[in-house]
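A look at the structure
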There are 2 protein chains.
Amino acid sequence: MAGGGGTRFWPVSRTSRPKQFLDMLGTGKTFLRSTFERFAPFIPAENFLVVTNAAHKQLALEQLPELTERQILAEPLGRNTATCIAYAAFRLQATAPDATMIVTPADHLILNEHVFREVVEEAAEFAGSHDALVTIGVHPTRPATGYGYIQTGKPVGNSGMHQVRTFVEKPNAEMAQTFLQSGDFVWNSGIFLWQTGVILRELEKLMPDTYQLFRSADAAYGTPEESDAIARLYPECRGISIDYAVMEKADNVYVRCGDFGWSDIGTWGSLYDYLPKDDAGNTAGCEAVTFDTTGCLIRMPEGKLAVLEGLSDFIIVDTPDALLVCPKGNEQNIKRFIDAIKFHKGERHI
Amino acid sequence: MAGGGGTRFWPVSRTSRPKQFLDMLGTGKTFLRSTFERFAPFIPAENFLVVTNAAHKQLALEQLPELTERQILAEPLGRNTATCIAYAAFRLQATAPDATMIVTPADHLILNEHVFREVVEEAAEFAGSHDALVTIGVHPTRPATGYGYIQTGKPVGNSGMHQVRTFVEKPNAEMAQTFLQSGDFVWNSGIFLWQTGVILRELEKLMPDTYQLFRSADAAYGTPEESDAIARLYPECRGISIDYAVMEKADNVYVRCGDFGWSDIGTWGSLYDYLPKDDAGNTAGCEAVTFDTTGCLIRMPEGKLAVLEGLSDFIIVDTPDALLVCPKGNEQNIKRFIDAIKFHKGERHI
């Protein structure tokens, strides 16, 4: 799933190049590329499907030259994860109906890829042999309010799987603290595994409108007509998340938990936590000369020098056509900024 | 005098283009051009001499196309104002020995050019008819610590001129307050008027070493040999200001005071005072979207957007290869910044 149009990393991410197509961590690889390489050791390249906005199809192909054009599922517009997953499932029904699907966001950070692979392979084995919707959970390390939580239930034999008691949307700070202490809540990583036939049956039951829309184009999947059919039906679909549409309602949901160093890197503040820093807590790797400046995320274009004084816990992000300087704490403000920019300055800088 | 190599307006001013060659006020004219146009209504173009660093000779000619190449006196290196003035005086002795000189910095702001012209014309008439070193004083409007002061003495008839009791270098805050209250101290604008013969006689008496160096090249002034002669003798001259070398020691010094809205615009902070501002006290004219941001000087490249939050009384100055964000109050810090940049990053950004 590489469909996000994210401006949460404005001014670096733009509608023309959202986060998943950027190297936000300075590793030399974009999130999309890192995601591909995380699975490529145990998934053949021809088995990948990338769902992304039609405007970013070429970007995806450039960053994943191992894939062919028909492996990029182009969305004419964003309709959230349930629609994205329905599209991929219908394609697979036409081309590989017995496939077990591994559904993953293309813009997350995973630090321990070895542990991650073990968890995914076990979960895939379970999903492949059970009538199950499997989600990957992450043991929380702090009372994060920006993530969804899953309350785990009984273990399923020795499979490492647990039943799911309930899904909880982003909690407030107090509730998040309670979840952390209780020990049976895990973060919802947004990574799912199931057989193609299982998710299609659940979509038919729980999202009948969307299911029928996709069903109506059955003859087109995997043919040259697919793109026109998708362009026609996609706008009719409801924009709704797979969690809300399916996972919270289905009764065959299981969770496999792991500790593989996961973050959705959803804000500049969360990115800061994962970047290397100097002794003053300022992110390293930029040409910067700092005075009385601590705890700052500094991101400059290659070769450009920043001289900073008197800034504590700020974000300083510079690009050729836009500069952002704001306190690191106010993570939700980026949306306010974007709205204000659109209002005062139009779409040019977005 | 357009010889400054100023980096006080870094990162906008650079050694390759110091302040006098920049439009710091956003008027559409550089300081050098504004200075020329201030005098051009009553001084013929062929009577101007511009003393500047050899590296900036072409810049000066581009900005003052009314002048010819021989009107640009190129210094091989900076040797402060006394040496600069000596050079111009020796050139004039060869080409216009009876001239009254008006010596002016090329990087100051003067708001009321009408009053300024009256003051200069009266002072020029006095200097032209007296054995006098005349300086232009400005009635102080605040207890500035960044300027030199002149204590005025007895008036000279009805000429508007006063004798000078003493020159005072940049005072501390307490002393500046006393000066302001006393009423007989004025700011030293650095603008001087005298006959060529008078300043040469004073230089001979008070700076004999420098005088003899220039004297030794007497045959060269105004000829094709001048440039070689200057290249040879200039490095031998002491770098010393005309105030310290001559004005403070001579006994024929007079001051003409005026109120023509003068500033030497020596720092980003003083520039801020003269720029148009929005309701929040942020300088206007940039593409900026601000939140909880007040009293800031914001300067961005054309077409570039700044989004700023949580900054109070900051300087935010962006250029293609360097960004400065620092508190507006700490005006002396720019020098520290420059030193640190040279130390850590070399000369590339200076």
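The paragraphs below set out a description of the structure included in this document. All values reported here derive from a predicted model rather than from experimental measurement.

Considering the sheet that holds strand E14 (residues 314-318) of chain B
- Spatial ordering of the open sheet is given by E11(A)-E13(A)-E15(B)-E14(B)-E12(B), a layout of five strands whose pairing is mixed. The outermost strands of the open sheet, each flanked by one partner alone, are strand E11 (287-291) of chain A together with strand E12 (297-299) of chain B. Shown here is a sheet whose adjacent strand axes are inclined to one another by a mean of 5°, direction ignored.
- Judged from the five bridges that link them, E11 of chain A and strand E13 (residues 305-309) of chain A form a sheet pairing that is parallel. Looking at E13 of chain A, one finds that Glu287 of chain A is bridged to Leu305 of chain A.
- Taken strand by strand, helix H11 (residues 333-345) of chain B contacts E11 and E13 of chain A together with strand E15 (322-327) of chain B, and its axis lies near 140° from that of E11 of chain A.

A few points about the pairing of E14 of chain B
Residues and elements named next belong to chain B.
- Counted residue by residue, E14 has five buried out of five residues, so it is predominantly covered.
- Burial along E14 is two-sided: the face carrying Phe314, Ile316 and Asp318 and the face carrying Ile315 and Val317 are both buried.
- As judged from the five bridges shared by E14 and E15, these two strands associate in the antiparallel manner. Looking across to E15, one finds that Asp318 is bridged to Leu323.
- Between E14 and E15, which pair antiparallel in sequence order, lie three residues.

So, H11 of chain B
- For H11 of chain B, with 13 residues, the first-to-last C-alpha span of 17 Å sits near the 18 Å given by 1.5 Å per residue.
- The complete set of buried residues in H11 of chain B reads Asn333, Ile334, Phe337, Ile338, Ala340 and Ile341 of chain B. Across the axial projection of H11 of chain B, the buried residues extend over an arc of 165°, all falling on one side. In H11 of chain B, the exposed positions angled more than 90 degrees off the buried face are occupied by Lys335 and Phe343 of chain B.
- Turning to H11 of chain B, the residues buried within the fold contact E11 and E13 of chain A together with helix H10 (268-274) and E15 of chain B.
- Gly346 of chain B sits one or two positions beyond H11 of chain B and adopts a positive phi of about 85°.

So, the pairing of strand E3 (residues 100-103) of chain A
Residue and element names in this part refer to chain A.
- The two faces of E3 differ: Met101 and Val103 on one face are buried, but Thr100 and Ile102 on the other face are not.
- Note that E3 and strand E8 (residues 185-195) share four bridges and pair antiparallel. Of the residues in E8, the one forming a bridge with Thr100 is Gln195.

Considerations on the packing of aromatic side chains
- Under the definition given, this model contains 38 aromatic pairs over all chains.
- Measuring from centroid to centroid gives 5.0 Å for Phe9 of chain A and Trp268 of chain A, while their planes differ by 70°, and the two rings are edge-to-face. Of the two residues, Phe9 of chain A sits in the segment before helix H1 (31-39) while Trp268 of chain A sits in helix H10 (residues 268-274), which places them 259 residues apart along the sequence.
- Each residue in the set Tyr87, Phe90, Tyr211, Phe214, Tyr221 and Tyr234 of chain A is aromatic and connected to the rest through ring pairs, giving one cluster.
- One residue, Arg38 of chain B, lies across the ring of Phe116 of chain B, its end atom 6.0 Å from the ring centre.

Considerations on the packing of helix H6 (residues 196-206) of chain B against helix H7 (residues 208-215) of chain B
Residues and elements named next belong to chain B.
- Between H6 and H7, whose axes approach to 5 Å, the crossing angle comes to 120°. With respect to H7, the axis of H6 lies oblique. For the pair H6 and H7, contact is made by Leu200, Leu203, Glu204, Lys205 and Leu206 and by Pro208, Tyr211 and Gln212, respectively.
- In the contact of H6 with H7, the residues fall into five nonpolar, one polar and two charged.

Quick notes on the interface of chain B and chain A
- Facing the 36 residues of chain B at the interface are 36 residues of chain A.
- Interface of chain B and chain A: buried area, both sides summed, is about 2,800 Å²; carbon and sulfur atoms make up 62% of it.
- For the interface between chain B and chain A, the tally reads six salt bridges.
- The partner of Glu287 of chain A in a salt bridge is Lys345 of chain B, and the shortest N-O contact between them spans 3.8 Å.
- Elements with a contribution of two residues or more to the side of chain B that touches chain A: strand E11 (287-291), strand E13 (305-309), E14, E15 and H11 of chain B.
- When strand E15 (residues 322-327) of chain A meets E13 of chain B, the two strands line up parallel, connected through four bridges. If you follow Val325 of chain A over to E13 of chain B, its bridge partner there is Leu308 of chain B.

Cut-offs and rules
- Residues numbered from 1 in each chain as written.
- Chains lettered and ligands numbered in written order.
- Predicted model: local features only at pLDDT ≥ 70, side-chain atom pairs only at ≥ 80, totals over all residues.
- Heavy atoms only, no water.
- Pairing = 2+ DSSP bridges.
- Helix = DSSP H or I, 4+ residues; strand = E, 2+ residues; numbered from the N terminus.
- Axes fitted to C-alpha atoms, helices over the stretch in contact; angles between N-to-C directions.
- Contact = heavy atoms within 4.5 Å.
- Buried < 20%, exposed > 50% of the residue type's maximum accessible area, 1.4 Å probe, protein only.
- Expected span 1.5 Å × (residues − 1).
- Arc of directions from axis to C-beta.
- Phe/Tyr/Trp six-rings, centres within 6.5 Å; stacked < 30°, edge-to-face > 60°.
- Lys NZ or Arg CZ within 6 Å of the ring centre and 35° of its normal.
- Parallel < 35°, antiparallel > 145°, perpendicular 65-115°, else oblique.
- Nonpolar A, V, L, I, M, F, W, Y, C, P; charged D, E, K, R; others polar.
- Buried area = accessible area lost by both parts, 1.4 Å probe.
- Salt bridge = Lys/Arg side-chain N within 4 Å of Asp/Glu carboxyl O.

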